[in-house]
Amino acid sequence: RVASYFHYFTLHGSLRPFGVSALIASYDPETKEHALQMVEPSGVSYQFFGCAAGKGRQPAKTEMEKLALNKPDMADNIDTREGVKQLARIIHLLHEEGKDKPFELEMSWLCEESGWQHKGVPRDYIKEAVAWAKKDIEEAEEEDDSDEDEEMDE
């Protein structure tokens, strides 16, 4: 219905179209199924296991595709806490200090841990995830630097 509403605003000249992509997470307690939908400003709707919108969405999608989000065996998929850590890593990885403005990372989730209610991720866990993400990025950069040094020595 949200997609139809967005689309309606693109059809009529007297209405101004929405200039935003909306991400909608939902959970159906009867079927016990969860979903993540993205509605484009044109009214087109897609269902995803992980998606991004806005500036830097393409490299963020590429990084999310590397994560185990939809494996046939649920035990092979990452859990929500690991997902928070990985998303913090992706956001910090793509943020360019000199180009982009400083930011404060805020997250929310809809999962078993939150009782299938949309709630903010606890601040202390976000702080832990950000610290882990920054450390992981630094370690990866150090590995890249040492690999480049070895190549130059050869």
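Everything numeric here is computed off the predicted structure, so don't read it as measured data.

Parameters and conventions
- Residues numbered from 1 in each chain as written.
- Predicted model: local features only at pLDDT ≥ 70, side-chain atom pairs only at ≥ 80, totals over all residues.
- Heavy atoms only, no water.
- Helix = DSSP H or I, 4+ residues; strand = E, 2+ residues; numbered from the N terminus.
- Buried < 20%, exposed > 50% of the residue type's maximum accessible area, 1.4 Å probe, protein only.
- Contact = heavy atoms within 4.5 Å.
- Areas by Shrake-Rupley, 256 points an atom, 1.4 Å probe, with all protein chains shown as cover.
- Lys, Arg positive; Asp, Glu negative; His and termini not counted.
- Charge placed at Lys NZ, Arg CZ, Asp CG, Glu CD.
- pLDDT = per-residue confidence, 0-100.
- Pairing = 2+ DSSP bridges.
- Axes fitted to C-alpha atoms, helices over the stretch in contact; angles between N-to-C directions.
- Salt bridge = Lys/Arg side-chain N within 4 Å of Asp/Glu carboxyl O.
- Core = buried A, V, L, I, M, F, W, Y, C linked by side-chain atoms within 4.5 Å.

Caption draft 1: Up close: the overall build of the chain. Within the chain, the regular secondary structure consists of four helices and five strands. Listing the helices and strands of the chain from first to last along the sequence gives α-β-β-β-α-α-β-β-α. A principal-axis box enclosing the C-alpha atoms of the chain has dimensions of 65 × 40 × 30 Å. The buried share of the chain, reckoned over its 154 residues, is 25%. In the chain, of all internal contacts separated by at least 6 residues, the share reaching a separation of at least 24 is 35%. Carbon and sulfur atoms make up 50% of the accessible area of the chain, which amounts to about 11500 Å² in all. Computed over 18 positive and 34 negative side-chain charges, the separation of the two mean positions in the chain equals 12 Å.

Caption draft 2: Region of interest: the confidence of the model for the chain. Per-residue pLDDT for the chain has a mean of 84; in total, 94% of the residues score no lower than 70. Within the chain, strand E5 (residues 119-120) carries the highest mean pLDDT (93), whereas helix H1 (residues 2-11) carries the lowest (77).

Caption draft 3: Representation of the sheet that holds strand E3 (residues 45-48). Reading across the sheet, the three strands line up as E1-E2-E3 and stay open at both edges, with antiparallel pairing between neighbours. Two strands close off the open sheet at either side, each with one partner strand: strand E1 (22-28) and E3. Taking each pair of neighbouring strands and ignoring which way they run, the sheet shows an average axis angle of 30°. Note that strand E2 (residues 33-39) and E3 share four bridges and pair antiparallel. Counted as the bridge partner of Gln37 is Gln47 from E3. In the packing of H1 onto the sheet, the strands contacted are E1, E2 and E3, and the crossing angle to E2 comes to about 10°.

Caption draft 4: Expanded view of the pattern of salt bridges. Counted by the stated rule, this structure contains eight salt bridges. With a closest N to O distance of 3.9 Å, Asp136 and Arg89 form a salt bridge. Of this pair, Asp136 sits in helix H4 (residues 123-153) while Arg89 sits in helix H3 (residues 80-94); the two residues are 47 residues apart in sequence, bridging distant segments of the chain. Overall, the relative accessible area of 13% leaves Arg89 in the buried class. Two residues, Arg123 and Glu106, come together in a salt bridge whose shortest N-O distance is 3.9 Å.

Caption draft 5: Representation of the nonpolar core. Judged by nonpolar contacts, Val84, Ala88, Leu105, Met107, Trp109, Cys111, Val121, Tyr125, Ile126, Ala129, Val130 and Ala133 together constitute the single largest core of twelve residues. The next biggest cluster of nonpolar side chains, apart from the first, holds five residues, and it includes Ala52, Ala60, Met64 and Leu67.

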